[in-house]
Structures are given as structure tokens and as C-alpha cells.
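# Analysis of the macromolecular model
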Amino acid sequence: MPATVTVDAPLPVLGHEVRVPLVTGGEVPYAALDYAASAPALQRVWDDVAAYAPYYGSVHRGAGHLSQLSTDLFENSRATVAEFLGCRPGDDVVFTRSTTDSLNLLAAALPPGTRVFAFESEHHAALLPWGRRADTAVTWLDAPRTPEQAVDALERALAAREPHGPALVCVTGASNVTGELWPVRELAAAAHAHGARIVLDAAQLVPHQAVDVAELDVDWVAFSGHKLYAPFGAGVLAGRADWLRRAEPYLAGGGATRSVARGAAGEPVVEWHDTVARHEAGSPNVIGAYAIASACRALTAAGFERLAERERVLLGRLRAGLAGVPGIRVISLFGDDAPRVGVVSFVVDGWNSSHFAAALSAEYGIGVRDGLFCAHPLLRALLVENGGAAGECGAPGEAPAASAIRVSFGVGTPEEHIDRFVRAAGELVRDGARWSYRTEGGRCVPEGPVARGV
């Protein structure tokens, strides 16, 4: 283990005092190391939402005081997010349900005949929305092994496209599997050089580093509140307004319309808004939008450079600890030296990944993620390189399962959680689990204590 460095969590999160039972007896503080799936709410976000809750009212069309207050809060939240993302004058900020919803909205807004380019290493949210329209073509690019290879592959694919119509590149900012940073600025330059636009999936990037739309020169950015310490069911699509405002409304309903009347034949005649309201039909998630804005303010006030430096210390601590455990193999696309955020995935020789994750939870009170992380093409490609075949949950002596274990952390993670995880991983590899496990309802669950020889 590296020398001890005291790194206190700079932003308190909900749940840091929660204690969980162990199958071996007693309780321990829960170590939440699954931030990449859903980060815990910042205490400040929770406090801000709680303070606003008594004043909640309908948005945009109410004459009452609380309605006017809520409308101002909703629109001010939009302005806060635009500032947080470094949006350009004229950019739209649309509130959605999630990153997935944002990218599906953009997919619905593409001009007919658009060809979309995405690497197979993308999260499913960035892989799957584009092929659902008959007038949209999709090209999947092989997972690159260096950032330079990614740029070169994109340039060649864009240059070779026929016909030379509208094109969109979709790329992640940080991998939800490896945590590695992608060359977003260089990919944006390549896209624009070939007359294409680019959307950044920032779900795993925006909680860890400042994202500036203008500086990166991306056309759109998408992310989820629940990754950004604001888990209230809201997301954001921000960027260029032209394609969005020319597209059919994402949802048809109240709020997206200027006027609805009956035509001569009794058919509805609709005039749609040509602002962000065009794609925000229905009553908006005011609390979700306000929570995102609160998180943006909290992260900005804390200072992203300070937060990123602290994360680099914890990441170094984690990777050094894992390197000292025989049989643990960290998964990487760009190599060990590639810059990354606080996300690490690995396999363990002789262990089914579900078994290992279940033992961490039941015996140590540590929550991690196991599986393919909604990035099946990438994980399957990387796991082939690491060898191994799927085994039953808890089966002794099995090769690693065709899935992996992921540890992820953020601004609310104390260093003790990292150290406890490294100790637990070492003990499981060295001594094995103290309980047996079985598969139940697709999950690996504790069954009973393991009889150990004397």
C-alpha cells in the first residue's frame, strides 16, 4: 500500500453515515463504490430541494405566486446549467429525464439521411438510439487502442462516407468501463473538418471534470443528474438549436404548443413552439432541474481542479492497492498510463464476478458493480483478451466469469472506503469467501457459512 495521505471528502453526501449488516455479524458503515451507476445526492442538493419544496407550484402557465416562483426557479436552473457547461450564445438547454433520454431526443431530431458514427466502446445509451429510424444510417467503429487511433479511425470513416450528407459523431468523454478519458477536442476537430457534428456523452465526465462546450467545440452535450449527485430523475441535452428547433417535437402535448385548433375537416391544427419548450411537453420535473443546478453550483464552488486532484490521489491509491493483489487484472483500452477518472474495472482469476461482488457486500459492507455495465460490445472485446469463461455464482475454482467488477467513486468518497476495499479484495483472493453463495432471481446471494478445516 502507498504511504498514508489524508484526503477528506470535500462535499458531504447523503448516506455517508448509513450502517449495513454483515452476514458474519455486526454492522459497518456502508462503503458506496458504485458512483458510476448513480452517485449519492450531495447534502447541499438535498438541503436546497428541501428548502424549495414548500414553495413548489405549477410552471409556466400559473398566475399564482408559487407558480411564478417555480417558473423563475426552473428557468434560472436552465441558465445555471448553461453557465456550468460553458454554452455558447444561442445554444439551447433542454431538460430531459436522463442521458439516454437526451440522446434519444437528439436521434429523433436528426435531419433525414443523417449518418451517425459511434465507436463500439460506447455505453448503450450512445449506441442504440440512432438506428431506430429508417432514414438514418449508423456506422459502428471498432474500439480503438489509443486516443490517436480513435481520431484516425474517425477521420477515415468520415472521409469515406457516401453520400456526403449530414453526419453526427457520438462519443463518450470518459468510459463508464475503464474510466479512461477520450480525446474529445481532437475528435470534434476531425468531425468538423469533414462537415459532421458531434455530441458528447458526458455522463461519466461531468461529475469529475469541468466540461466546457465552447472550449471542446462539441455541438451538443448530454448528461444525467443522477450521475452528478442530483438523483431526481432529470437530465440535460445542451447545444446547437437549429436541428432541435426544426425537428418534430419529441413529445406531443401541452407546453410544446403555441396554439391548437380544429381544422375544416375537424383535424387538429397545431402551432408548435420554436424554443426549448418544443421538446419539453408536459409538466416539467422542476425539482430535478433545480437539483441539477444546485449540484452545478456546489461543484463549481468547490473548484473542479481541487476535486480532480483529490480524485487523482484516491485513484492512485486504489490502483496501487489492486496492483499488489495477485490475480486481479485491471481492464484498460488505452493502457495503464492513460488519464482517467475514478472508475476502475477488473477481473479476478478463479472468481465469478458476481460472487466476488456479493462477498464484498455481504462480508465487508462494500457496494460495487458487476456485469457488463451497459457496454456489452466493449466488455466482451476486453474480456476475450483477459480469457475466462462464465461460471456459476459461488462455484469454487471457476475461471473468471464473462463479466467484470467495477469500482467507482467521487467527491463524497472517504479514503477509508478505498482502503477497506483494497483490504477486502486482498483477503478474498488470499483466503476465499467466508460464506457460500447461490444464484437466486439472477442475483448472487449469501447462503451459509463456509466450513473451514482446522
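To be clear, the structure that these remarks concern was listed above.
Conventions and cut-offs
- Residues numbered from 1 in each chain as written.
- Predicted model: local features only at pLDDT ≥ 70, side-chain atom pairs only at ≥ 80, totals over all residues.
- Heavy atoms only, no water.
- Helix = DSSP H or I, 4+ residues; strand = E, 2+ residues; numbered from the N terminus.
- Buried < 20%, exposed > 50% of the residue type's maximum accessible area, 1.4 Å probe, protein only.
- Pairing = 2+ DSSP bridges.
- Axes fitted to C-alpha atoms, helices over the stretch in contact; angles between N-to-C directions.
- Contact = heavy atoms within 4.5 Å.
- 1 Å grid on protein atoms, 1.4 Å probe; cavity = no way out; pocket = protein on both sides within 12 Å on 5 of 7 lines; lining within 4 Å.
- Points joined across faces, edges and corners; volume = space filled by probe spheres on them.
- Nonpolar A, V, L, I, M, F, W, Y, C, P; charged D, E, K, R; others polar.

### Some words on unusual backbone geometry
The phi dihedral of Tyr-229 falls on the positive side, at around 70°, and the residue is not glycine. Looking at the secondary structure, you find Tyr-229 in the loop between strand 9 (220-224) and strand 10 (235-239). Using a relative accessible area of 1% as the deciding quantity, one classes Tyr-229 as buried. Positive phi is not limited to glycine here, since Cys-374 has a value of about 55°. Of note, Cys-374 is situated in the loop between strand 16 (369-371) and helix 12 (376-386). Residue class for Cys-374 comes out partly exposed when judged on its relative accessible area of 40%.

### Quick word on the sheet that holds strand 14 (residues 343-348)
Taken in spatial order, the 4 strands make up an open sheet running 13-14-17-16, and their pairing is antiparallel. The open sheet is flanked by strand 13 (328-330) and strand 16, the only strands paired with a single partner. Taken pair by pair, the neighbouring strands of this sheet meet at an average axis angle of 30°, ignoring direction. In this fold helix 10 (residues 304-323) packs onto strand 13, strand 14 and strand 17 (404-408), with an angle of close to 10° to the strand it touches most, strand 14.

### Some points on empty space enclosed by the protein
What the rule picks out here adds up to 1 cavity of 30 Å³ or more. By volume, the largest cavity amounts to about 60 Å³. Around the largest cavity sit Pro-10, Pro-207, His-208, Leu-307, Arg-310, Glu-311, Phe-409, Gly-410 and Val-411, which together line it. Across the lining of the largest cavity, the residue classes break down as 5 nonpolar, 2 polar and 2 charged.

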